[in-house]
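A closer look at the structure
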Amino acid sequence: MNSLKRVVIIGATSTIAEHTARQLVEKGASLYCIGRNPDKLQALLQDLKVRAGDNQRIDGCVADLLDVDRHDALIETAEQALGGMDAVLIAHGTLPDQQACQRDVALMRREVETNALSVISLLTLLGNRFEQQGAGVIAAIGSVAGNRGRQSNYVYGAAKGMVAIFLQGLRNRLAAHGVDVVTLKPGFVATPMTADFDRSGPLWAQPQDVARGIIKAMIHGRGETYLPGFWRWIMLVITHIPEPLFKRMTL
Ligand SMILES: NC(=O)c1ccc[n+]([C@@H]2O[C@H](COP(=O)([O-])OP(=O)(O)OC[C@H]3O[C@@H](n4cnc5c(N)ncnc54)[C@H](OP(=O)(O)O)[C@@H]3O)[C@@H](O)[C@H]2O)c1
């Protein structure tokens, strides 16, 4: 079981991350939160401080994670603020307009930079630090969309798929060093990211429930975690549809 006493949350102003942060603080964790939007980050830190006890440290800083040159300094600052890192959660992401990405190479590249390259840059730095310390857990939020390319969102899916494969390799490398690497794969979650979707039907999850699943997966070092769990079976079916049939489906 992993200790979640000192946790760094990257992309902390994401709705799923905010719920995770609140639940972690209620379990006694100290947190360092990195987020892009200064107002949202301030509000989150204030809220967490109210919930925290005297022995819990709540701190954070503003950063655009596309600025990969800052990543090392950000991690160093976070680690120093907490006096060490037991766990890191990487949560930032964007849901691109697939059709706009098809028309605009620069936009497509920026979406891949946000959802894949910025994440694996952080994972590279974190992987080395955690390998040296020989303990802890690194978790990142991917998506079920990363399991198979579909016409409606394959830019996002390709980026999340890249993160998932990277995490697989990192997990394999760090297993011998006592470090758990967790791939979180939510399905549909009711957050601002999906505000324009029709949210009817049984497949939708609430961010607080997904947050609970994230914390469980991090504590137990579960390699690949679907949130909610039934998505494992849905994706098993989807990935086994033969390609000649799949390419004719409108998904
Ligand atoms: N909602 C879903 O259905 C769903 C499903 C599967 C996976 N996910 C994944 O879950 C994670 C959390 O998403 P969410 O649903 O909680 O959505 P959200 O509330 O819209 O959060 C997305 C967050 O990413 C941040 N972000 C985007 N680009 C950034 C950058 N360059 N630097 C720093 N922060 C950046 C945003 O910051 P600002 O506040 O500054 O915009 C925002 O806080 C994402 O990785 C998403 O892909 C979501």
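In case you missed it, the structure is sitting above this.
First things first, this report covers the structure right here in the doc. (Residues numbered from 1 in each chain as written. Predicted model: local features only at pLDDT ≥ 70, side-chain atom pairs only at ≥ 80, totals over all residues. Heavy atoms only, no water.)

1. Some thoughts on the sheet that holds strand β2 (residues 30-35)
Rules: In this analysis, strands are considered paired if DSSP registers two or more bridges between them. For helices the rule is a DSSP run of H or I covering at least 4 residues; for strands it is a run of E covering at least 2, with both sets numbered from the N terminus onward. Axes, fitted as lines to C-alpha atoms, cover a helix only where it is in contact. Angles between the N-to-C directions of the axes lie from 0 to 180 degrees. We call two residues in contact when some of their heavy atoms are within 4.5 Å.
The seven strands are arranged β3-β2-β1-β4-β5-β6-β9 in an open sheet whose pairing can be described as parallel. Strands at the two margins of the open sheet, each flanked by one partner only, are β3 (58-62) and β9 (224-227). Across the sheet, the axes of successive neighbouring strands diverge by a mean angle of 15 degrees, strand direction being ignored. The pairing of strand β4 (residues 87-90) with strand β5 (residues 136-141) spans four bridges and is parallel. Bridged to Leu 89 within β5 is Ala 139. Across the sheet, helix α1 (residues 15-26) is in contact with β1 (6-10), β2, β3, β4 and β5; its angle to β1 comes to roughly 170 degrees.

2. Quick notes on the packing of helix α5 (residues 105-133) against helix α6 (residues 154-174)
In plain terms, the rule: Each angle gets one of four labels, with under 35 degrees taken as roughly parallel, over 145 as roughly antiparallel, 65 to 115 as roughly perpendicular, and the rest as oblique. Each residue gets one label: Ala, Val, Leu, Ile, Met, Phe, Trp, Tyr, Cys and Pro are nonpolar, Asp, Glu, Lys and Arg are charged, and the others, such as Gly, are polar.
Running from N to C, α5 and α6 cross one another at 10 degrees; their axes reach a closest spacing of 9 Å. By the angle between their directions, the pair α5 and α6 is classed as roughly parallel. For the contact of α5 with α6, the per-class residue count stands at 16 nonpolar, four polar and four charged.

3. Observations concerning the side chain of Ser 143
Let me state the cut-off plainly: Within 3.5 Å is the distance limit for a polar contact, defined as a pair of N or O atoms, with the added protein rule that one can donate a hydrogen and the other accept it, and that residues adjacent in sequence qualify only through two side-chain atoms.
You can see Ser 143 is positioned in the loop between β5 and α6. In terms of polar contacts, Ser 143 uses its side chain to reach the backbone amide nitrogen of Ala 145, at 2.9 Å. Residues within four places of Ser 143 in sequence aside, it is in contact with Tyr 156, Lys 160, Leu 184, Lys 185 and Pro 186.

4. Looking at the pattern of salt bridges
The test is simple: When a carboxyl oxygen of Asp or Glu is within 4 Å of a side-chain nitrogen of Lys or Arg, the pair counts as a salt bridge. Think of it in three bands: with a 1.4 Å probe and only protein chains considered, a residue is buried below 20% of the maximum accessible area for its type, exposed above 50%, and partly exposed in between.
Going through the model one piece at a time under the given rule, you end up with 13 salt bridges. The residue Arg 22 makes a salt bridge to Asp 47 at a minimum N-O spacing of 2.7 Å. Of this pair, Arg 22 sits in helix α1 while Asp 47 sits in helix α2 (residues 38-51), placing them 25 residues apart in sequence. Classification of Asp 47 by relative accessible area gives partly exposed; the value is 24%. A salt bridge links Glu 76 to Arg 129, with the nearest nitrogen and oxygen atoms 3.0 Å apart. Placement of the pair is Glu 76 in helix α3 (residues 71-82) and Arg 129 in helix α5, with a sequence separation of 53 residues.

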